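Each chain, letter by letter, is given below.
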Amino acid sequence: MRLDKLLANRTPHSRSEVRTLLRQGAVQVDGVAVRDGSINIDPEQQKITCQGKPIHGGKFVYYLVNKPLGYICATEDRVHKTVIDLIPPECRVKGLFPAGRLDSDSTGLVLLTDDGALAHKILSPKSHIPKYYLIRLARPFQADYVRQCADGITLSDGTECLPAEIKQISGKYVLVCLHEGKYHEVRRMFASMGNHVEFLHRVAMGSVFLPPTLSTGDYLEVFNKDVENLLKSLEFQEVCEQIVTDFSSYSINASP
């Protein structure tokens, strides 16, 4: 890849700003200042820095974000803060966007990437990638909820939900597995069963788990081999066991 193209793609700088930085000797490849942006480099094998900051060398970037309340899954918004705002400016790349949606009144796992092909696979209804939500109910859990969700719930407006798997984790805390992403689906499902979701926290997608130690608002860079696990499914019981193990660490327990 040409050095100037890498810098234009992997930094907030425009092409003209990249040329200026190169002329100023602000770009180094393997510790040596380089002023010629046309040279070909191997970003995965060579160390590139710009103004002393390392440049991500992979073809794409992937960030797991623990989204706080109030943030929206968009690249920009005039009113609300977006999940992109959680990434420091120096770590943002051109084309970075959220691969999927998580409502502003929900928290937890969101993937940010500039890999459009992977995002398409994740978002495609044909993929049926399982998404797991740890929720807290306002009223006690009822055993019949399991059967109702397994049969597929019809919402008040006639919308039919695909069958979902749920399991009581502790008291009013429930793990929900969906294979689709209708608007406020989890909340509307439980409303149709006479309950109310007080808090919703996405803890996993596919077989990628949100690290329970990742603080609200923080992010973690992951790599392609790990992100590919998004396209793999685990048995629901396996996920339940993992969530039970990590339950005490999730930020949902600290919410009012």
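Residues numbered from 1 in each chain as written. Predicted model: local features only at pLDDT ≥ 70, side-chain atom pairs only at ≥ 80, totals over all residues. Heavy atoms only, no water.

A. Seen up close, the pattern of salt bridges. Going through the model one piece at a time under the given rule, you end up with 8 salt bridges. Its salt-bridge partner being Asp103, residue Arg101 comes within 3.7 Å of it at the nearest N-O pair. For Asp103, a relative accessible area of 18% gives the class buried. Via salt bridges that share partners, Asp144, Arg147 and Asp151 belong to a single interconnected network. (Salt bridge = Lys/Arg side-chain N within 4 Å of Asp/Glu carboxyl O. Buried < 20%, exposed > 50% of the residue type's maximum accessible area, 1.4 Å probe, protein only.)

B. Region of the structure containing the sheet that holds strand 4 (residues 53–54). With respect to topology, 4 strands assemble into an open sheet ordered 2-1-3-4, the strand pairing being antiparallel. Of all the strands in the sheet, just strand 2 (32–33) and strand 4 have a single pairing partner and so form its edges. Sheet topology places strand 1 (residues 27–29) next to strand 2; 2 bridges connect them, and they run antiparallel. The partner of Gln28 across the bridge, within strand 2, is Ala33. (Pairing = 2+ DSSP bridges. Helix = DSSP H or I, 4+ residues; strand = E, 2+ residues; numbered from the N terminus.)

C. View of the environment of Thr159. With respect to the helices and strands, the residue Thr159 is situated in the loop between helix 4 (144–151) and strand 9 (165–170). Measuring from C-alpha to C-alpha, the distance between Thr159 and Lys182 comes to 9.3 Å, with 23 residues separating the pair along the chain. Here Thr159 is in contact with Ile153, Thr154, Lys182 and Arg188, once residues within four sequence places are set aside. In terms of polar contacts, Thr159 uses its side chain to reach the side chain of Asp157, at 2.8 Å. (Contact = heavy atoms within 4.5 Å. Polar contact = N/O pair within 3.5 Å; in protein donor to acceptor, adjacent residues only side chain to side chain.)

D. Region of interest: the state of the cysteines. All told, the structure shown has 0 disulfides when counted by the stated rule. In this structure Cys50 is not part of a disulfide, and its nearest cysteine sulfur, from Cys91, lies 13 Å away. Of the residues examined, Cys50 reaches a relative accessible area of 5% and is grouped as buried. The thiol of Cys73 is unpaired, and the distance to the nearest cysteine sulfur, on Cys177, comes to 19 Å. On the basis of relative accessible area, Cys73 is assigned to the buried category, the value being 18%. (Disulfide = S-S within 2.5 Å.)

E. Here's a closer look at helix 5 (residues 185–192). For helix 5, the set of buried residues is Glu185, Val186, Arg187, Met189 and Phe190. Structurally, helix 5 contributes buried residues whose contacts are with strand 8 (131–137), helix 4, strand 9, strand 10 (173–178) and strand 11 (197–205). Gly194 lies just past helix 5 and shows a positive phi near 85°.

F. How the structure looks around the nonpolar core. Core analysis: the biggest nonpolar cluster contains 34 residues, and Leu112, Ile135, Val186 and Phe190 have the highest contact counts within it. Elements represented by at least two residues in this core include exactly strand 5 (62–67), strand 7 (107–113), strand 8, helix 4, strand 10, helix 5 and strand 11. Apart from residues no more than four positions distant in its own chain, Leu112 is found in contact with Val61, Tyr62, Tyr63, Val65, Val83, Ile84, Ile87, Leu96, Phe97 and Pro98. Among the nonpolar cores identified, the runner-up in size contains 16 residues, and Tyr62, Met205, Val208 and Leu210 belong to it. (Core = buried A, V, L, I, M, F, W, Y, C linked by side-chain atoms within 4.5 Å.)

G. Summary view of a positive patch on the surface. On the surface, a cluster of positive charge is made up of Lys5, Arg15, Arg19, Arg23 and Lys94. Per element, the largest residue contribution to the positive patch is 3 residues, and it comes from helix 2 (residues 15–23). (Patch = residues over 30% accessible without salt bridge, like charges linked within 9 Å, V, L, I, M, F, W, Y side chains within 5 Å. Areas by Shrake-Rupley, 256 points an atom, 1.4 Å probe, with all protein chains shown as cover. Lys, Arg positive; Asp, Glu negative; His and termini not counted. Charge placed at Lys NZ, Arg CZ, Asp CG, Glu CD.)

H. Highlighting the side chain of Arg202. In this fold, Arg202 is placed in strand 11. We note that Arg202 is buried and unpaired, the nearest opposite charge coming from Asp103 at a distance of 8.4 Å. One polar contact links the side chain of Arg202 to the main-chain carbonyl oxygen of Arg101, over a distance of 3.5 Å. If we ignore the near neighbours within four places in the chain, the residues touching Arg202 are Arg101, Leu102, Thr107, Gly108, Leu109, Val110, Lys131, Tyr132, Tyr133 and Leu210.

I. Spotlight on the environment of Gly158. With respect to the helices and strands, Gly158 occurs in the loop between helix 4 and strand 9. Measuring from C-alpha to C-alpha, the distance between Gly158 and Arg10 comes to 46 Å, with 148 residues separating the pair along the chain.

J. Region of interest: the packing of aromatic side chains. Scanning the entire structure with this criterion turns up 4 aromatic pairs. Seen in terms of ring centroids, Tyr63 and Tyr219 are 5.2 Å apart; in terms of plane orientation they differ by 80°. Their pairing is edge-to-face. Here Tyr63 is found in strand 5, whereas its partner Tyr219 is found in strand 13 (residues 219–222), with 156 residues between them in sequence. Taking 5.3 Å as the distance between ring centres and 90° as the angle between the ring planes, the aromatic pair formed by Phe141 and Tyr145 counts as edge-to-face. Exposure remark for Phe141: the relative accessible area of 15% places this residue in the buried category. (Phe/Tyr/Trp six-rings, centres within 6.5 Å; stacked < 30°, edge-to-face > 60°.)

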